[in-house]
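Per-entry structural report
What follows is the residue order along each chain.
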Amino acid sequence: MAPPPSSEIPNGESNGVHVSNSELARVGNCRVECNPVLSQQKISIRGVVDELLKLANPEKGLVSLGVGDAASSRCFQKGKERFSEAVADAVSSSAFDCYAPSYGFPFARRAVAEYLSRDTKHGIREGDVYLTVGGTQALHVCLTVLASPGANLLLPRPGFAPYETACEIYGIEARYYHLQPHWGWELNLDQVRSLADANTVGIVIINPSNPCGAVFSPFHLQQIAETARDLNIPVIADELYGHMVFGDSKFVPLASFAHLTPVITIGALSKRWMVPGWRLGWIAICDPHETFKQVKVAIEMLMNVTSGPASVIQAAVPGILSNSHEEFHKNVLTVLESSAETLYTRIVHIEALKCHSRPQGSMFMMVEINPALLLGIENDMDFARELIKEESLLVLPGFVIGLKNWVRIFFGVPSDLLSEACDRIESFCKRRRPTN
Ligand SMILES: *Cc1c(COP(=O)(O)O)cnc(C)c1O
């Protein structure tokens, strides 16, 4: 709040504080230098999305496939009330009005450890798990811990923009490896090797992939882990979309290859359980050879001086992670698979667009646009801008996530809404078709 004009401040000692006239005259002159990294205007998903939303055609209902939040979609609610009940029980018990321990309640950490251990041969123990405020804090903690002077980190392109921002804030040099659209978005491991040097502190792998919808085979995951081993670096496995796979794809956690190199897994309730607003995530360290002890010490040091997720949400974790919610998860995957199929089969028939592979998981697909076949469109931002202006349909221009002339389309919506979106994309592209 702005200070009131000086004449309204009782000049005296009525509240026990003496304020002299000369001090009052200086009010409003406070100047501080902010961290320069934070003062620069950066491209962000939210910034670009807000700009695009302002342009929506008021005559048409907005369909947003630009950001990934499926939490409010009614089609995913089946069986979800049991998550809310678990939180409601914790709240009404009053037993979790207290602070939680720095790394999370032991029983909640154990529940995450048991959940993750179901799929890996390397057991993850309670002491290997740290509870965080969503996946976002998990990645910030990891990057803070790895930010030694001169450090560089290997990131996917296209990727998830907050990694890049976190690198800038913590002074880590981001080096990008390219996911290959023609190869199921797999990594070119020769390129990975060529990027790394003695200052490389890790490689981030997002599997299942946001934004590509790819799911890596166990063979490719092993190749990645072997490459990391050869480079003497850990893998940071962002598995926010773990188990969100369909068709013949199988989700294999990277921690299954932790005998090759240490794996830091990042996860959260946000995507698979569709409660992103509950802000519960985790870091799990899988390090069977215990070569990575100092990293755990650093994480603990940091978590002792920051704050974790709300106690009442932590209290609900064992109930939410239990394997008694088959109906919920099955329904989610059925809806997602059908939406992904609708999107893919419609897009491949649009001449100006190209999608190199069917999504196998997560809630996103990358689509390449061909500006030569679209009048008045020179790039992905033009495409997104004109599309929302004419059709009130929001998609994310790829430049925001490192891939120009592509767009990211979110398919975590009911199939009929996606059909409607595809109708709009199709008529848009038709209208823009060059005449000869
Ligand atoms: C959503 C997301 C996160 C962040 O998780 P929150 O729990 O929403 O903070 C991290 N990584 C990827 C790939 C994501 O899609």
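Just so it is clear, the model here is predicted, and its values are computed rather than measured.

Criteria and thresholds
Residues numbered from 1 in each chain as written. Predicted model: local features only at pLDDT ≥ 70, side-chain atom pairs only at ≥ 80, totals over all residues. Heavy atoms only, no water. Domains from an automatic or database assignment. Contact = heavy atoms within 4.5 Å. Buried area = accessible area lost by both parts, 1.4 Å probe. Salt bridge = Lys/Arg side-chain N within 4 Å of Asp/Glu carboxyl O. Polar contact = N/O pair within 3.5 Å; in protein donor to acceptor, adjacent residues only side chain to side chain. Helix = DSSP H or I, 4+ residues; strand = E, 2+ residues; numbered from the N terminus. Phe/Tyr/Trp six-rings, centres within 6.5 Å; stacked < 30°, edge-to-face > 60°. Buried < 20%, exposed > 50% of the residue type's maximum accessible area, 1.4 Å probe, protein only. Near = heavy atom within 4 Å. 1 Å grid on protein atoms, 1.4 Å probe; cavity = no way out; pocket = protein on both sides within 12 Å on 5 of 7 lines; lining within 4 Å. Points joined across faces, edges and corners; volume = space filled by probe spheres on them. Nonpolar A, V, L, I, M, F, W, Y, C, P; charged D, E, K, R; others polar. Axes fitted to C-alpha atoms, helices over the stretch in contact; angles between N-to-C directions. Parallel < 35°, antiparallel > 145°, perpendicular 65-115°, else oblique.

**So, the domain arrangement of the protein**
On domain assignment, one finds that the protein holds domain 1 (45–76 + 326–431) and domain 2 (84–320). On the domain 2 side, the residues contacting the 29 residues of domain 1 number 27 residues. The contact between domain 1 and domain 2 buries some 2,400 Å² in all, and 65% of this surface belongs to carbon and sulfur atoms. Considering only the surface of domain 1 that becomes buried against domain 2, His329, Gln360 and Ser362 emerge as the three largest contributors, covering 23% of it. The tally of links from domain 1 across to domain 2 stands at 0 salt bridges. Summed over the shared surface of domain 1 and domain 2, the result is 12 residue pairs in polar contact (both at pLDDT 80 or more). Going through the elements one at a time, α12 (326–347), β11 (364–369) and β14 (406–410) are the ones with two or more residues in the side of domain 1 that touches domain 2. The element that contributes the greatest number of residues to the side of domain 1 that touches domain 2 is α12, accounting for 7 residues.

**Some points on the packing of aromatic side chains**
The full count for this structure, using the stated rule, is 14 aromatic pairs. Taken together, a centroid distance of 4.9 Å and an interplanar angle of 80° make the contact between Phe83 and Phe328 edge-to-face. Within this pair, whereas Phe83 is found in helix α4 (residues 81–93), its partner Phe328 is found in helix α12, the two being separated by 245 residues in sequence. Both residues of the pair, Phe83 and Phe328, belong to the buried class. Here the aromatic rings of Tyr115 and Trp282 are separated by 6.3 Å at their centres, their planes lie at 70°, and the arrangement is edge-to-face. Residue Tyr115 is found in helix α5 (residues 106–117), and its partner Trp282 is found in strand β9 (residues 281–286); the two are separated by 167 residues along the sequence.

**Here's the deal with unusual backbone geometry**
Here Asn207 and Pro208 are connected by a cis peptide whose omega angle stands at -10°. For Pro208, the position within the fold is in the loop between β6 (200–206) and α9 (218–231). Residue Pro211 follows Asn210 across a cis peptide bond; omega there is 20°. With respect to the helices and strands, the residue Pro211 is situated in the loop between β6 and α9.

**Some thoughts on the site of the ligand**
Looking at the ligand, there are 13 residues lining it, with Gly135, Thr136, Asp238, Ser270 and Lys271 nearest. Between Gly135 and the ligand, the recorded distance is 2.8 Å, taken from a backbone N or O atom to an oxygen atom. Between the ligand and Thr136, the relevant distance is 2.5 Å, taken from an oxygen atom to a side-chain nitrogen or oxygen of the residue. With 3 residues, helix α6 (residues 134–146) is the single largest residue contributor to the shell around the ligand.

**A look at the layout of surface pockets**
Approximately 1,100 Å³ is the volume attributed to the largest pocket. Lining the largest pocket are 39 residues, and of these Ile45, Arg46, Phe160, Ala161 and Pro162 sit closest to its centre. Residue assignment for the lining of the largest pocket shows that the elements contributing at least two residues are α3 (45–53), α6 and α7 (161–170). Among the elements that make up the lining of the largest pocket, the one with the highest residue count is α7 (7 residues). A breakdown of the residues in the lining of the largest pocket according to their chemical character gives 19 nonpolar, 10 polar and 10 charged.

**With respect to the packing of helix α13 (residues 380–391) against helix α14 (residues 415–431)**
One can describe the packing of α13 onto α14 by two numbers: an axis separation of 10 Å at closest approach and a directional angle of 110°. Judged by the inter-axis angle, α13 sits roughly perpendicular to α14. Contacts from Phe383, Glu386, Leu387, Glu390 and Glu391 of α13 reach α14 at Arg424, Ile425, Ser427, Phe428, Cys429 and Arg431. Taken together, the residues that form the contact of α13 with α14 break down as 5 nonpolar, 1 polar and 5 charged.

**Quick look at the environment of Pro218**
Assignment of secondary structure puts Pro218 in helix α9. The exposure class of Pro218 is partly exposed, given its relative accessible area of 40%. Separated by 38 residues in sequence, Pro218 and Ser256 have C-alpha atoms that sit 9.1 Å apart. Beyond its immediate chain neighbours, meaning those up to four positions away, Pro218 contacts Val252 and Phe257.

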